Amino acid sequence: MNREIAVVAFAQTDHRRTSEELSEVEMLMPVLHEVLARTGLKTSDIGFTCSGSSDYLAGRAFSFTLALDGVGAWPPIAESHVEMDGAWALYEAWTKLLTGDADTALVYSYGKSSPGSLRDVLTRQLDPYYVAPLWPDSVALAALQAQALIDAGDTDEPALASVAARSRTDATANSHAQLRGSVPQGDYVVRPLRTGDCPPIGDGAAAVILAAGERARELCDRPAWIRGIDHRIEAHSLGVRDLTDSPSTRFAAEKAGAFQRPVDTAELHAPFTSQEVVLRKALKLGDGVRVNPSGGALAANPVMAAGLIRIGEAAARVHRGESDRALAHATSGPCLQQNLVAVLEGDPR
Amino acid sequence: MPEVLKAPLTVEFPFTRSLGPVQSAFLTGLRERVVLGVRTGHGRTLVPPVEYDPVTAEEIHDLVEVAPTGTVTTWAWNHAPRRDQPLDTPFAWVLVRLDGADTALLHALDAPGPDAVHTGMRVRIRWAEERSGAITDIACFEPHDGDPVQAAGHSGVFTNPVTGIVAPARLDYTYSPGRAQTAYINALAEHRNVGERCPSCRKVYVPPRGACPTCGLATVEQVEVGPHGTVTTFCIVNIKAKNLDIEVPYVYAHIALDGAGLALHGRIGGIPYDQVRMGLRVEPVWTEGARYPDHYRPTGEADADYDTYRELL
């Protein structure tokens, strides 16, 4: 079945270090309402709902079921959840729309990192036999990758600092960003990565509405058509991989059609400066491509939502006529373990 | 808005995991100070070894001993070790390709400082004094000046192989229940039950969770309900819970407080268990200093008519 599917609306919270005064559903609900209001749709108009989150972040079992209160899930709706970034929830919703079972989908994701210690929480996603018992935190694993890039001559500390500075400067135009403007590179967190090379830790949520065919044109002046979307994963053992490259990203991009024509914009989910170096190489992005005009994950990285936000930001630029063909990338796991690439296009102007 | 409630929350599990044949041989080997890799169909030796070829996905089991010495392929200096990491003094995280292996193993390197560490440096395993068949049987790596140590060619067959690991995991959180539940809990401490009303369908949620699950809207209007209520349904509990000082049998009931749009639950006391019935009118019983009712007891009012609570079952 060949159906055209587009992102027709996007909304996100302001991302903040803590949202302790709000429960997850209280944090999420304004974003759900905003994205519905942009299309004029009501909850009951939505054909399929899919969300992404992780109970490990806030330490709350089955928190996604409580988050469903914000959707208006009663009487029962067609709904699914992935224990992954919302970009993968969007992938599931896209396949659902492809089948023709639904014409519209609501995709949302949220993450509250503030109740726990994120660096430690993320160790629990690692190989439980050989790696997790050593508790290598997320910054340490990214630092191993950064050092491998430096050793390979792919980057150096000043180049990483310039990625950080460009991202936070671009984020000054993004009112939702958590870190923007002039941010000092700071001291080493885990050498060679400094504070400035790492993403801010914070809470946030995002939502997207997908629609198929003519329905998309009714709901949005300039839909961001998903021309291709694919996700791939690396071998799970870090020591088997070449950490300076991301074949899974390249493969996903190829399958998504990213290399058929150049893109003008790329929203890359690179939580660490060094990971942008890897992704630019894997995606063969030239100097003419506008990378992370939103500031990217270095400006706001609500875990489980930051990947969906990349798709949303890329789509929003298409909606606003600021991009005609954009690439959006999402990642999950240590050192760019799993990667999703989507190619979005606007109708010719 | 009053101060947000917060409380420490610790999530702790001892994860018990069984091992496949290759993992079992590798971890048993560490117990015996032997490092085993696994050979793939293409002749590569993977350390740490896995059960399936990461390229072809074929099952692999050809074990081969490698040396306890190797070369650092990348590193990162950790000046502030965190709880449960291999060393409690500053150390380098390293990926090490052991002599005889084609892939690298993640562990810690004990070195005096970052200036003493570089990619390509030679290191050797420092064994833990007490070993049980776990990755932590390698205490860490340490710098190695000498020649490569030859592997002895172990067969990979051991007496008393380990077949599983127990991996404790603990995460510490600070729980905060959010605006609606904070307001509910604070009111409860004052012996008041305060729900929230949906602005659209007008239903009053007790306890409130901040959203109406039917309408998907925020509930903000606070509504005091009760204190009296009606038993809508109940069960008789005959199993004595551990550490619970309540005699069985007792009755646990759904109670629709007057004005509430749904029932909450609580224990019924002050009446023999076999006289509790649907429609029984009850009120909360508070004990000194408690933040929530200890139980509910009959008010003595006439039973509620079924039609008054049929939608609240």
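Residues numbered from 1 in each chain as written. Chains lettered and ligands numbered in written order. Predicted model: local features only at pLDDT ≥ 70, side-chain atom pairs only at ≥ 80, totals over all residues.

An unreviewed UniProt entry annotates chain B as OB-fold domain-containing protein originating from Streptomyces lanatus.

Looking up chain A in an unreviewed UniProt entry gives the name Thiolase domain-containing protein, with the organism given as Streptomyces lanatus.

K.L.:
Tell me what's going on with the overall build of chain A, and back it up with residues and numbers.
P.N.:
Of regular secondary structure, chain A possesses 11 helices and 12 strands. Once the C-alpha set of chain A is aligned to its principal axes, its extents read approximately 50 × 45 × 40 Å. Here chain A holds 349 residues, and the buried ones make up 64% of them. (Helix = DSSP H or I, 4+ residues; strand = E, 2+ residues; numbered from the N terminus. Buried ≥ 20, exposed ≤ 12 C-beta atoms within 10 Å, placed from the backbone.)

K.L.:
Quick one: what's the story with the domain arrangement of chain A, residue by residue and with numbers?
P.N.:
Residue and element names in this part refer to chain A. Here the domain parsing of chain A yields domain 1 (5-116 + 201-219) and domain 2 (118-199 + 226-345). The gap between the C-alpha centroids of domain 1 and domain 2 is 22 Å. Facing the 36 residues of domain 1 at the interface are 27 residues of domain 2. At the level of secondary structure, the elements contributing two or more residues to the side of domain 1 that touches domain 2 comprise strand S1 (5-12), helix H2 (55-58), helix H4 (86-99), strand S4 (104-112) and strand S7 (203-212). Among the elements that take part in the side of domain 1 that touches domain 2, H4 stands out by supplying six residues, more than any other. (Domains from an automatic or database assignment. Contact = placed C-beta atoms within 7 Å.)

K.L.:
Would you mind going over the environment of Lys6 of chain B in detail, with residue names and values included?
P.N.:
Tracing the chain through its elements places Lys6 of chain B in the segment before strand S1 (7-18). As a C-alpha pair, Lys6 of chain B and Arg197 of chain B span 191 residues in sequence and 25 Å in three-dimensional space. Contacts of Lys6 of chain B, omitting those with residues within four sequence positions, involve Glu20 of chain A together with Thr174, Tyr175 and Ser176 of chain B.

K.L.:
Give a detailed account of the domain arrangement of chain B, specifying residues and quantitative values.
P.N.:
If you check the domain split of chain B, you get domain 1 (7-170), domain 2 (178-225) and domain 3 (227-313). One C-alpha centre belongs to domain 1 of chain B, the other to domain 3 of chain B; they are set 58 Å apart.

K.L.:
Can you break down the nonpolar core residue by residue, with the values?
P.N.:
As a rule of thumb, nonpolar side chains are buried together in soluble globular proteins. In this structure, Val7, Val107, Val208, Leu210, Ile311 and Leu344 of chain A together with Leu109 of chain B are the most contacted members of the largest nonpolar core, which totals 195 residues. With 10 residues, the top contributor of residues to this core is helix H6 (residues 138-151) of chain A. Contact partners of Val7 of chain A, with chain neighbours within four places excluded, come to Val208, Leu210, Ala224, Ile226, Ile311, Ala315 and Leu344 of chain A. (Core = buried A, V, L, I, M, F, W, Y, C linked by C-beta atoms within 7 Å.)

K.L.:
Account for the interface of chain A and chain B, naming residues and giving values.
P.N.:
Contacts between chain A and chain B engage 50 residues on the former and 56 residues on the latter. Where the side of chain A that touches chain B is concerned, the elements lending two or more residues are helix H1 (24-39), helix H5 (118-121), H6 and strand S5 (188-190) of chain A. Here the side of chain A that touches chain B gets six residues from one element, more than from any other, and that element is H6 of chain A.

K.L.:
I'd like to hear about the sheet that holds strand S3 (residues 45-46) of chain B, residue by residue, with values.
P.N.:
Residues and elements named next belong to chain B. Taken in spatial order, the three strands of this open sheet run S3-S2-S4, and their pairing is antiparallel. Both outer strands of the open sheet, S3 and strand S4 (62-66), are each paired with one neighbouring strand and no more. Two elements, strand S2 (residues 35-39) and S4, share five bridges in a ladder whose sense is antiparallel. Each bridged residue has a counterpart across the sheet, and for Leu36 the counterpart in S4 is Glu65. The sheet strands contacting helix H1 (residues 21-31) are S2 and S4, and the helix crosses S2 at an angle near 155 degrees. (Pairing = 2+ DSSP bridges. Axes fitted to C-alpha atoms, helices over the stretch in contact; angles between N-to-C directions.)

K.L.:
I'd love a proper account of the sheet that holds strand S8 (residues 224-233) of chain A, names of residues and values included.
P.N.:
All names here are of chain A. Taking strand neighbours across the sheet as the criterion, the 10 strands line up as S3-S2-S4-S7-S1-S8-S12-S11-S9-S10 in an open arrangement whose pairing is mixed. The outermost strands of the open sheet, each flanked by one partner alone, are strand S3 (79-82) and strand S10 (290-291). Taken together, the eight bridges between S8 and strand S12 (residues 338-345) define a ladder with antiparallel strand orientation. Bridge pairing in S12 links Trp225 to Glu345. The strands touched by H1 are S1, S4 and S7; relative to S7, the strand with the most contacts, the crossing angle is about 30 degrees.

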